[in-house]
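# Residue-level structural notes
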Amino acid sequence: MYITENQLDKLKENNTESSLFMELEVMSTESERWNLYQGLNKNSFEKDIRKIQDFLFSFQIRDKKDIKKFLKQANETSLALFKRNKEFIMDYVRTKEMSAKDKINDLDLMIEAFVEEERYEDCALLVKIKNKVIKHYKKQKIKKL
């Protein structure tokens, strides 16, 4: 994926305002990611590094296979976050950064992908999260009345 410097600056600005991240590092190759990883102070960041190292993956799209690979990695990353931390699930359910429709669509796409792989336990977790999203937004509508 190629973006201009202006697009990158706008992305940084929008996401900083949304509190999604405070800094963005562009790492286009495996060696750049590895160098960044090695440059971190391992004593003070070791726990955080362990938490995020599984989620670092390549985003080099050249053809349709690369898109499928990226989507698979993104789905696996989301699923791993949901499984590791119940607070992450609740943050996902409650966040105002995505609409209810977008969350449900996102979850439906993940469910569909995992059904194709016959990963029904993962589908069950995603269905539970989807139901929490629906319930959350129903409560929000009731509160507005």
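In this text, all values refer to a predicted model and were calculated from it rather than measured experimentally.

## A few points about the overall build of the chain
Counting secondary structure elements, the chain contains 7 helices and 0 strands. Reading the secondary structure of the chain in the N-to-C direction produces α-α-α-α-α-α-α. By the burial criterion, 18% of the 145 residues in the chain qualify as buried. Within the chain, contacts between residues separated by at least 24 positions form 54% of all contacts whose residues are at least 6 apart in sequence. Approximately 11,700 Å² of the chain is accessible, and the part contributed by carbon and sulfur atoms is 53%.

## Focus on unusual backbone geometry
Backbone geometry places Glu118, a non-glycine residue, at a positive phi of 60°. Tracing the backbone shows Glu118 in the loop between helix H6 (100-116) and helix H7 (120-144).

## Things to note about the packing of helix H4 (residues 64-84) against H6
Two quantities define a packed helix pair, namely the angle between the axes and the distance from one axis to the other. The N-to-C vectors of H4 and H6 enclose an angle of 105°; their axes lie 11 Å apart at closest approach. When the axes of H4 and H6 are compared, the pair comes out roughly perpendicular. Residues Asn75, Glu76, Ser78, Leu79 and Phe82 of H4 pack against Leu107, Met110, Ala113 and Phe114 of H6. Within the contact of H4 with H6, the residues separate by chemical class into 6 nonpolar, 2 polar and 1 charged.

## Structural notes on H7
A rise of 1.5 Å per residue sets the reference length of H7, with its 25 residues, at 36 Å; its end C-alpha atoms lie 36 Å apart and thus fit the reference within 8%. Those residues of H7 not exposed but buried are Asp122, Cys123, Leu126, Ile129, Val133 and His136. Where H7 is buried, its residues meet H4, helix H5 (86-94) and H6.

## A closer look at the confidence of the model for the chain
Scored by pLDDT, the chain comes out at a mean of 76, with 59% of its residues at no less than 70. Across the chain, element-level confidence peaks in H7 with a mean pLDDT of 93 and bottoms out in helix H3 (residues 42-53) with 56.

## Quick look at the environment of Lys72
Relative to the assigned elements, Lys72 resides in helix H4. On the accessibility criterion, Lys72 (41% relative accessible area) is partly exposed. Expressed as a C-alpha distance, the spacing of Lys72 and Phe114, which sit 42 residues apart in the sequence, is 9.5 Å.

## Things to note about H4
Here H4 spans 30 Å end to end across 21 residues, near enough to the 30 Å set by a 1.5 Å rise per residue. Among the residues making up H4, those that are buried are Asp66, Asn75, Thr77, Leu79 and Phe82. Of the surrounding elements, those touching the buried residues of H4 are H5, H6 and H7.

## Brief notes about the side chain of Lys103
Within the secondary structure layout, Lys103 lies in helix H6. For the buried Lys103, no salt bridge is present, and the opposite-charge side chain at shortest range is Asp102, 9.3 Å distant. Those residues in contact with Lys103 that sit more than four places away from it in its chain are Tyr92, Val93, Arg94, Thr95, Met98, Val133 and Tyr137.

## A few points about the pattern of salt bridges
Under the criterion given, the structure shown has 7 salt bridges. For Glu76, the salt bridge identified is with Lys72, shortest N-O distance 3.9 Å. Here Glu76 and its partner Lys72 are both found in helix H4, 4 residues apart, which amounts to about one turn of the helix. Its salt-bridge partner being Asp122, residue Arg119 comes within 2.9 Å of it at the nearest N-O pair. For Arg119, a relative accessible area of 21% translates into the label partly exposed. By relative accessible area, which is 8% here, Asp122 ends up buried. The network of salt bridges with shared partners includes Lys72, Glu76, Lys83, Glu117, Arg119 and Asp122.

Thresholds, definitions, all that
Numbers given to residues run from 1 along each chain, matching the order in which its sequence is written. In view of the model being predicted, local features appear only for residues whose pLDDT reaches at least 70, and side-chain atom pairs are presented and counted only at 80 or more, with totals across whole chains, interfaces and linings using the full set of residues. Derived side-chain values reflect all non-hydrogen atoms in the structure, with water molecules and hydrogen atoms excluded from consideration. Helix and strand definitions follow DSSP, with helices as H or I runs of at least four residues and strands as E runs of at least two, each counted in order from the N terminus. Using a 1.4 Å probe on the protein chains alone, a residue whose accessible area is under 20% of its type maximum counts as buried, one over 50% counts as exposed, and one in between counts as partly exposed. Residue contacts are defined here by distance: any two heavy atoms, one from each residue, within 4.5 Å place the two residues in contact. Surface accessibility follows the Shrake-Rupley procedure with a 1.4 Å probe radius. Residue values consider only the protein chains on display as shielding. Inter-axis angles, ranging from 0 to 180 degrees, are taken between N-to-C directions of lines fitted to C-alpha atoms, where helices are fitted over the stretch in contact. When describing relative orientation, an angle under 35 degrees is termed roughly parallel and one over 145 degrees roughly antiparallel, while 65 to 115 degrees is termed roughly perpendicular and anything else oblique. Gly is put with the polar residues, along with every residue not named as nonpolar or charged; the nonpolar set is Ala, Val, Leu, Ile, Met, Phe, Trp, Tyr, Cys and Pro, and the charged set is Asp, Glu, Lys and Arg. Residue count minus one, scaled by 1.5 Å, sets the expected span of a helix. Per-residue confidence from the predictor is given as pLDDT, running between 0 and 100. Note on charges: Lys and Arg go in the positive column, Asp and Glu in the negative column, and His and the chain ends are not counted at all. For this document, the term salt bridge refers to a Lys or Arg side-chain nitrogen within 4 Å of an Asp or Glu carboxyl oxygen.

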